[in-house]
Amino acid sequence: MSRYIFVTGGVVSSLGKGVSAASLGALLQSRGYSVHVRKFDPYLNVDPGTMSPFQHGEVYVTNDGFETDLDLGYYERFLGVKLSRNDSVSGGRIYWDVLNAERHGDYLGATVQMIPHVTNKIKEYIGRPTDTDFVICEIGGTVGDIEGTIFLESIRQFANDIGRKNVMFMHLTLAPYLEQSGELKTKPTQMSVRRLLESGIQADMLFVRSPRMLTDDERAKIGMFCNLPATNVITSMNVDNIYKIPLVYESQKVFDIMAGHFGLPAIAGDMSKLQRIEKYLDADLPTCTIGVVGKYFDVPDAYKSLNEALFHAGIQNNVHVKIKKINAETFSADDCADVDGILVPGGFGTRGVEGKIAAAGYARTHNIPYMGICLGMQVAVIDFMRNVVGIKNADSTEFSKNCTPVVGIMSDCDKADMGGTLRLGAYPCNIKPGTLAEKIYGASQISERHRHRYEVDIKYKDGMEKHGMIVSGLSPDGKLPEMVEIPSHKFFIAGQFHPEFQSNPFDGHPMFNAFIAAAKNK
Ligand code: GLN
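This structure is a prediction, so every number in the text was calculated from the model and none was measured.

Remarks on the site of the ligand
Then, in step 1: Around the ligand lies a shell formed by Gly346, Gly347, Phe348, Cys374, Leu375, Gln378, Glu398, Arg451, His452, Arg453, Tyr454 and His498.
Then, in step 2: Leu375 is positioned such that a nitrogen or oxygen atom in its backbone is 3.0 Å from an oxygen atom of the ligand.
Then, in step 3: In the environment of the ligand, an oxygen atom lies 2.8 Å from a nitrogen or oxygen atom belonging to the backbone of Tyr454.
Then, in step 4: Here the ligand loses 99% of its free accessible area of 300 Å² to cover by the protein chains.

Describing the environment of Asp335
Then, in step 1: Topologically, Asp335 is positioned in the loop between strand E13 (320-327) and strand E14 (341-344).
Then, in step 2: Between the alpha carbons of Asp335 and Tyr75 there is a distance of 35 Å; along the sequence they are 260 residues apart.
Then, in step 3: In this view, Asp335 contacts Lys324, Ile326 and Thr330; residues no more than four positions away in its chain are not counted.

Considerations on the sheet that holds strand E17 (residues 404-408)
Then, in step 1: Here we have three strands laid out as an open sheet, ordered E16-E17-E20, and mixed in their pairing. Looking along the sheet, the strands with just one partner apiece sit at the ends: strand E16 (394-396) and strand E20 (455-456).
Then, in step 2: As judged from the three bridges shared by E16 and E17, these two strands associate in the parallel manner. Looking at E17, one finds that Ser396 is bridged to Val407.

Details of the packing of helix H7 (residues 187-198) against helix H8 (residues 216-226)
Then, in step 1: Their axes nearest at 9 Å, the elements H7 and H8 cross at an angle of 25 degrees. In terms of orientation, H7 lies roughly parallel with respect to H8. Crossing angle aside, the handedness with which H7 passes H8 is right-handed. In this structure, H7 uses Thr189, Gln190 and Val193 to contact H8, whose residues at the interface are Lys221, Ile222, Phe225 and Cys226.
Then, in step 2: Here the residues of the contact of H7 with H8 sort into four nonpolar, two polar and one charged.

Comments concerning the pattern of salt bridges
Side chains bearing opposite charge may pair, as long as their charged atoms lie close to each other.
Then, in step 1: Applying the stated criterion to the full structure yields 29 salt bridges.
Then, in step 2: The partner of Glu250 in a salt bridge is Arg31, with the nearest N and O atoms 3.0 Å apart. Highlighted residues: Glu250 in helix H9 (residues 245-251) and Arg31 in the loop between helix H1 (17-29) and strand E2 (35-41), separated in sequence by 219 residues.
Then, in step 3: Classification of Glu250 by relative accessible area gives partly exposed; the value is 22%.
Then, in step 4: Note that Arg351 and Glu329 form a salt bridge whose closest N and O atoms lie 2.5 Å from each other. One end of the pair, Arg351, is in the loop between E14 and helix H13 (353-365); the other, Glu329, is in the loop between E13 and E14, and 22 residues separate them in sequence.
Then, in step 5: The exposure class assigned to Arg351 is partly exposed, which follows from its relative accessible area of 44%.
Then, in step 6: The exposure class assigned to Glu329 is partly exposed, which follows from its relative accessible area of 42%.
Then, in step 7: By sharing partners, the salt bridges in this structure join Lys39, Asp41, Asp69 and Asp71 into a single network.

Rules of the game
- Residues numbered from 1 in each chain as written.
- Predicted model: local features only at pLDDT ≥ 70, side-chain atom pairs only at ≥ 80, totals over all residues.
- Heavy atoms only, no water.
- Near = heavy atom within 4 Å.
- Polar contact = N/O pair within 3.5 Å; in protein donor to acceptor, adjacent residues only side chain to side chain.
- Areas by Shrake-Rupley, 256 points an atom, 1.4 Å probe, with all protein chains shown as cover.
- Helix = DSSP H or I, 4+ residues; strand = E, 2+ residues; numbered from the N terminus.
- Contact = heavy atoms within 4.5 Å.
- Pairing = 2+ DSSP bridges.
- Axes fitted to C-alpha atoms, helices over the stretch in contact; angles between N-to-C directions.
- Parallel < 35°, antiparallel > 145°, perpendicular 65-115°, else oblique.
- Left-handed = near helix turned anticlockwise from the far one by under 90°.
- Nonpolar A, V, L, I, M, F, W, Y, C, P; charged D, E, K, R; others polar.
- Salt bridge = Lys/Arg side-chain N within 4 Å of Asp/Glu carboxyl O.
- Buried < 20%, exposed > 50% of the residue type's maximum accessible area, 1.4 Å probe, protein only.

Structure representation (structure tokens):
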């Protein structure tokens, strides 16, 4: 049976519960334990797919095609775990399940209640079997939120069900610093822990977000008010990069405290992977500038996974990657004067698309390393068809009705039954031997995640290839171009998928690694 770690947050939101939870997982993994992660969001949306990216940042896509928020990305990147739709569960989904079961007659006429019916449903998702030593569950929101209360009740019950020794409650709080008096205030933490106690949950460890390390006196004071040994009060210090957090926890012996609780040996961990990142961050290295031609720059975290993947590839290549945000709507050649590589990321809608087509064309004609992601592949094909093959009105049916539709919704393919809906999640792609794609991936078949509606029309493949842009990746049925490249160019490659969702800081991702290597040598 897996042991469980529940992570809750108090005082304010946005304390970095996800990163803290992932960091606890990293400490366990460094000792050879396997972990799985789940996120519970008390809000009433049935899934995050309908939530505005303006509120929630990028839409992250899992292998099984679930559109979720970017927290799951943290977990996959940090811990190398592969999550699914059952690992991101909202309050809305719980009530949806319960009410559907009620309509279906599953409760056999019983009065359907918050306890036990809703709590049992929550516990069912928490307890779904995994083959890992630990399951870390993050409870979204802030302790005291009305919609979160039923989740707290559920984890209280869950601990009672499987035995308190098999569960740890980790609570994140904030200690605000008052400049005038030079004091770190502990009262909000005390109040938050008390609030948690009202739900019958005694925190086993506190992670106190603070601009500096808590002193021993401060830890003792918090411990005294909150029913904890001072050793279990940990400083979650503000750091300049999230990958330093596990090391901050390691230095405060967080694993040893967990081991003590769970009755595990207090062995040393192998932190070398994270230490390497720390060393890289602090190293004086050359900079490589990548122009990202996009349009969602006002939305915080809209390109979260993309930025991460570029950062990861910088680690692999020993350069610091600087991202130059280039607004697609006002794109001009001057924007590319100082870039070492051009990347056109995913995107939807007509706004800015001509700028993206021009950017792909600029990279093509100036031999600047180019990487296209999803829409970034479609615009590369449109530019090539217009300006090399000579089909002047080549376009995507997403942007123009009166065009030669080199990109459109394909009816004669496996996804015909999906109608006009998005192609979501992991799909296989066969790689053509002897191509850059093969050199990059070192494999004949890969699996990457998709989130798009339109496809490059296979019927233009021969014409394109005759003129020098080849299809180097294809869906196994041979009907959907998945990758294109220009062999005569220094580095020009694009994929219909989103490789950034599978990048991690320890290995990077083959396509990003190769792109940054090419840009670095420019
Ligand atoms: N808008 C394009 C499509 O739907 C590309 C989507 C994307 O870049 N993720 O196919």
